[in-house]
Amino acid sequence: MKDRLVNIAEWLDSRTGLPTALKKFMGEEIPASSGWHQVFGSVALFLFLTQAFTGVLLAFNYAPTPGDSYNSVRYILTELTAGRLMRGLHHWGASMMIIVVVLHMVQVFLYGAYKKPRETTWILGVVLLLLTLGYGLTGYLLPWDNRAYWGTVVATNIAASAPLAGPYLLRLLGRGPDGIGVVTFARFFGLHVLILPPLTAVLIGLHVFLVRKHGVAPGPGDELLPKKQFHPEQVFKDTVAIFVAFAILFTMAVAVRVPLEQLADPTVASTTPRPEWYFLFLFQMLKLFNGPLEVVGSMVLPGLAVLAMILVPFIDRGPIMKITKRIAATGVVLLAALGWGGLTAAAMIADRNSGANEVAIDYSAPTDWMQLSPEEMAGVAYFREENCSSCHAVGGEGSSGVGPDLAKIAIHGDAGALIRHFKTPEAVRPGTSMPSIALTDAQLGSLAAFLLKLNPDNATALQDAPDFAVMGALVYQNNRCASCHKVNGVGGAVGPPLNGLARRRSRSWVEDHFLDPSKLTPGSFMPAYHLSQKDLDNLTSYLFALPDNPPAPQTPGS
Amino acid sequence: MKDVLPSSETMDNSGTTRRGFYMVAIYGLWGIITAALGLPALVYLFVPPKARRQNEWVEAGDISQLAPGAPVEMSFRRNRVDGWKVTSEKTSAWVVKMPNDQIVAYSPACTHLGCPYHWEQTKNEFICPCHNSVFALDGKVVDGPAPRPLDRFETKIEGKQLLLGPVRQSDQTA
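Student: How would you summarise the overall build of chain A if you had to cite specific residues and measurements?
Tutor: Assigned secondary structure in chain A consists of 23 helices and 4 strands. Overall size of chain A, expressed as C-alpha extent along the three principal axes, is 90 × 75 × 40 Å. Residue pairs at least 24 apart in sequence account for 74% of intrachain contacts in chain A once pairs closer than 6 positions are excluded. Of the accessible surface of chain A, which amounts to about 28800 Å², a share of 66% is contributed by carbon and sulfur atoms. Side-chain charges in chain A split into 42 positive and 41 negative, and the spacing between the mean points of these groups amounts to 9 Å.

Next up, the structure:
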């Protein structure tokens, strides 16, 4: 058996030469000082391959057109097993790749490894950094939610501000006079999956070729020591570093939910566009330059920074020194880190202060709760308040044992029968250990209405209803808003229906309106409501989260 | 791979142990990474999507006028869940009132390669024009390459209306 394997290996070697090439590659001699500080390049390459892998898997279930793309991303997240994991790996992998590429460059910079004859290796590295940022920029648009759309509006506006080239860049990015649309989307998708990956692969190949051609950069004193072989010691160190990076990435993908916002809507101007965290510093820097100087922040300074990076090996041409003696280089890195960190922190603080009131709904989870009437939503609130789930599971989730799974048993009878059951469980089901529920008839009615809506298909989706919406619906019910207003097709017709309110009015208008309706709407019959700030927030957020159009009535018998 | 390693002559004993440790760690860690990426990828590709929408019953048409033994092609619209899309599409079924008054609805695609077949009044047979598969009134294969009898819709009757559910593939082989 072993002989046969050796034969096959020899045959392969004589016909292709690949085993010998691999042997040479792994047996490459590296300086004695090589070690843990040189693992970042391998980690970056690994992350690139992982991005390609998860990217292809996502593309297998992705429709590259606006609208459909959003639906297909939701499909990946809510209906495919491991879909959320794949998107998480791709999303966090992008961030990690940028971190690792920067760490790689910082290491090369601090050690002066870009010096003669390795200038072109360094320049290729700068280009690869820009390509990595290019993935971030183009990939950001692809889920086509509000965040993606408005972030790209800003990015293309920056491109438009370029002197002379601006209009041509816009044309190239497919942006017409009416903003971004299908053409821009197709261009970004094409760049992200057709142009950038092969380009990156070729440049990485060249980069590695040059590293091998000139050898790994030696440290001072290395010329006196015997060389080591790449395999197995350095391969081991690279592998450990890759494993650590992968473990962090995997944990992030599992533990941190990547949000998906509402479908991109060019008419919703209330969205505050935000770029991805690694572009925040640029975003913040733009704020420092106004009017005609804007181009300095958007083009001139970033351009100069890139130029400076390219010129680094031609400016610093001294002999290789110990890292501890490279004070100027260390100073440059510290200054850059300080500048980047300061701008990013400023942007984050500004965000936190301005976005305090925004309630983001996570559309990456099922949003079936949006279809419920306020009465049914209030039922969810009572269901949570009364801790029903301590005895009852719902759709297989939660407690099991004492009471039946409320999604699986067919709930017989009507709301009236259920209310009797809640009040006197013993009378309806002798011997039951269920305590009677101390709520008013109207509250029990809400609870019954919610339970009658439950079925195994929607149970967990309804359980996912966010707290603000549940509490908002409770405020809505307690103030009897439904006597005059319709929500999801249920309620009175005296006042206007409340679906689509977010489209008609601003948040502050609605909040002011509660305090003094006739002031903002002359002739309105609506009484003033003096709600607590928390109730007001929850109620307004709930109303703003409603679907624009009430859901179609369900056909009976289906 | 063994040839890749430098000759052991240059190694003392502790060098060999360390080398062994490196090899185990390298293969072990890469094994874990491959499994942690590969297994979810297989799950992602092969586990069917969660069906969150219930199969609906669709009204196909009035069956009060059906004559026994005379198939009628009924057209209707139904919602088809296609990945992330729900499309309303026009489709049809061959509806037969069997001699025993049972109502049967066949899927309009031949079980060979999915061509639409039709009823030949003169021969009392369903004939598929693509490769000449022939089916009897009860859906059984009479002739041709079709591997199994015609597939049937699940049916339900409410008054005069025929309601159709999902298509169940017939499992008898011809």
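Student: Would you mind going over the domain arrangement of chain A in detail, with residue names and values included?
Tutor: Residues and elements named next belong to chain A. Along its sequence, chain A is organised into domain 1 (1–29), domain 2 (31–273) and domain 3 (368–408 + 441–545). On a C-alpha basis, the centroid separation for the pair domain 1 and domain 2 is 34 Å. Taken residue by residue, the interface counts 5 residues in domain 1 and 10 residues in domain 2. Summed over both partners, the interface of domain 1 with domain 2 comes to about 740 Å²; 56% of that surface belongs to carbon and sulfur atoms. The three residues of domain 1 that bury the most area against domain 2 are M26, E28 and E29, which together make up 75% of that side's buried surface. The tally of links between domain 1 and domain 2 comes to 1 salt bridge.

Student: So what's going on with the side chain of T111 of chain B? Residues and values would help.
Tutor: All names here are of chain B. Note that T111 resides in the loop between β4 (103–106) and β5 (118–120). Polar contacts involving the side chain of T111 include one to the main-chain carbonyl oxygen of R148, which spans 2.7 Å. Apart from the residues within four sequence positions on either side, T111 is in contact with F135, A146, P147, R148, P149, L150 and D151.

Student: Describe in detail the pattern of salt bridges, supporting the description with residues and values.
Tutor: All names here are of chain A. As enumerated under the stated definition, the model contains 13 salt bridges over all chains in all. Ionic pairing is found between E28 and R212, a salt bridge with its closest N-O pair at 3.3 Å. Of this pair, E28 sits in the loop between α2 (18–26) and β1 (29–30) while R212 sits in helix α9 (residues 182–214), and the two are 184 residues apart along the sequence. Looking at E28, the relative accessible area reads 14%, which means it is buried. Judged by its relative accessible area of 22%, R212 is partly exposed.

Student: Account for a nonpolar patch on the surface, naming residues and giving values.
Tutor: A contiguous nonpolar patch, built from V300, L301, L304, L307, L311, F314 and I315 of chain A and spanning about 620 Å² of accessible area, is present on the exposed surface. Mapped onto the elements of the fold, I315 of chain A is located in helix α12 (residues 294–315).

Student: Now, about the interface of chain A and chain B: what can you tell me, with residues and values included?
Tutor: Accessible area lost when the parts come together is the quantity often used to give the size of an interface. Each side of the interface is counted separately: chain A has 42 residues, and chain B has 32 residues. When chain A packs against chain B, the two sides together hide about 3600 Å² of surface, and 72% of this comes from carbon and sulfur. The largest share of the area that chain A buries against chain B comes from E79, T81 and F236 of chain A, three residues that together contribute 17% of it. At the boundary of chain A with chain B, the tally comes to 4 residue pairs in polar contact (both at pLDDT 80 or more). Elements represented by at least two residues in the side of chain A that touches chain B include exactly α2, α3 (40–59), α4 (68–78), α5 (83–111) and α10 (230–255) of chain A. A per-element tally of the side of chain A that touches chain B places α10 of chain A first, with 11 residues. Within the side of chain A that touches chain B, the residues separate by chemical class into 26 nonpolar, 10 polar and 6 charged.

Student: Please provide a residue-by-residue account of the sheet that holds strand β7 (residues 134–135) of chain B, values included.
Tutor: The 4 strands are arranged β5-β6-β7-β8 (chain B) in an open sheet whose pairing can be described as antiparallel. Two strands in the sheet have a free side with no partner beyond their single neighbour: β5 and β8 (141–143) of chain B.

Student: Got a sec to walk through the state of the cysteines? Specific residues and values, please.
Tutor: Scanning all chains against the criterion turns up 1 disulfide over all chains. Between the sulfur atoms of C115 of chain B and its disulfide mate C130 of chain B the distance is 1.9 Å. When the S-S torsion is -95 degrees, as for the bridge of C115 of chain B with C130 of chain B, the disulfide is left-handed. Separated by 15 residues along the polypeptide, C115 of chain B in the loop between β4 and β5 and C130 of chain B in the loop between β6 (125–127) and β7 bring together distant segments of the chain. The class of C130 of chain B is partly exposed, set by a relative accessible area of 37%. Between C391 of chain A, a cysteine without a disulfide, and C388 of chain A, which holds the nearest cysteine sulfur, the sulfur-to-sulfur distance is 8.8 Å. Looking at the unpaired C110 of chain B, the closest cysteine sulfur is the one in C128 of chain B, lying at 3.8 Å. Classification of C110 of chain B as buried rests on a relative accessible area of 4%.

Student: An account of the pairing of strand β10 (residues 161–168) of chain B is requested, with residue identities and associated values reported.
Tutor: All names here are of chain B. Where strand β1 (residues 58–62) and β10 come together, 4 bridges link them in antiparallel fashion. Pairing of V58 across the sheet is with L164, part of β10. The sheet contact formed by strand β9 (residues 152–158) and β10 spans 6 bridges and is antiparallel. Counterpart to I157 in the pairing with β10 is L162. Counting the residues that bridge the hairpin from β9 to β10 gives 2 residues, and of these G159 lies at a positive phi of roughly 65 degrees.

Student: Could you give me a rundown of the confidence of the model for chain A, with the residues and numbers involved?
Tutor: All names here are of chain A. Scored by pLDDT, chain A has a mean of 87; 94% of the residues are at 70 or more. Between the elements of chain A, mean pLDDT differs from a low of 71, seen in helix α18 (residues 459–463), to a high of 97, seen in α3. In this model, residues 554–558 is a region of pLDDT below 50 whose contacts with residues beyond four sequence positions or in other chains number 0 contacts.

Cut-offs and rules
Residues numbered from 1 in each chain as written. Chains lettered and ligands numbered in written order. Predicted model: local features only at pLDDT ≥ 70, side-chain atom pairs only at ≥ 80, totals over all residues. Heavy atoms only, no water. Helix = DSSP H or I, 4+ residues; strand = E, 2+ residues; numbered from the N terminus. Contact = heavy atoms within 4.5 Å. Areas by Shrake-Rupley, 256 points an atom, 1.4 Å probe, with all protein chains shown as cover. Lys, Arg positive; Asp, Glu negative; His and termini not counted. Charge placed at Lys NZ, Arg CZ, Asp CG, Glu CD. Domains from an automatic or database assignment. Buried area = accessible area lost by both parts, 1.4 Å probe. Salt bridge = Lys/Arg side-chain N within 4 Å of Asp/Glu carboxyl O. Polar contact = N/O pair within 3.5 Å; in protein donor to acceptor, adjacent residues only side chain to side chain. Buried < 20%, exposed > 50% of the residue type's maximum accessible area, 1.4 Å probe, protein only. Patch = residues over 30% accessible without salt bridge, like charges linked within 9 Å, V, L, I, M, F, W, Y side chains within 5 Å. Nonpolar A, V, L, I, M, F, W, Y, C, P; charged D, E, K, R; others polar. Pairing = 2+ DSSP bridges. Disulfide = S-S within 2.5 Å. pLDDT = per-residue confidence, 0-100.

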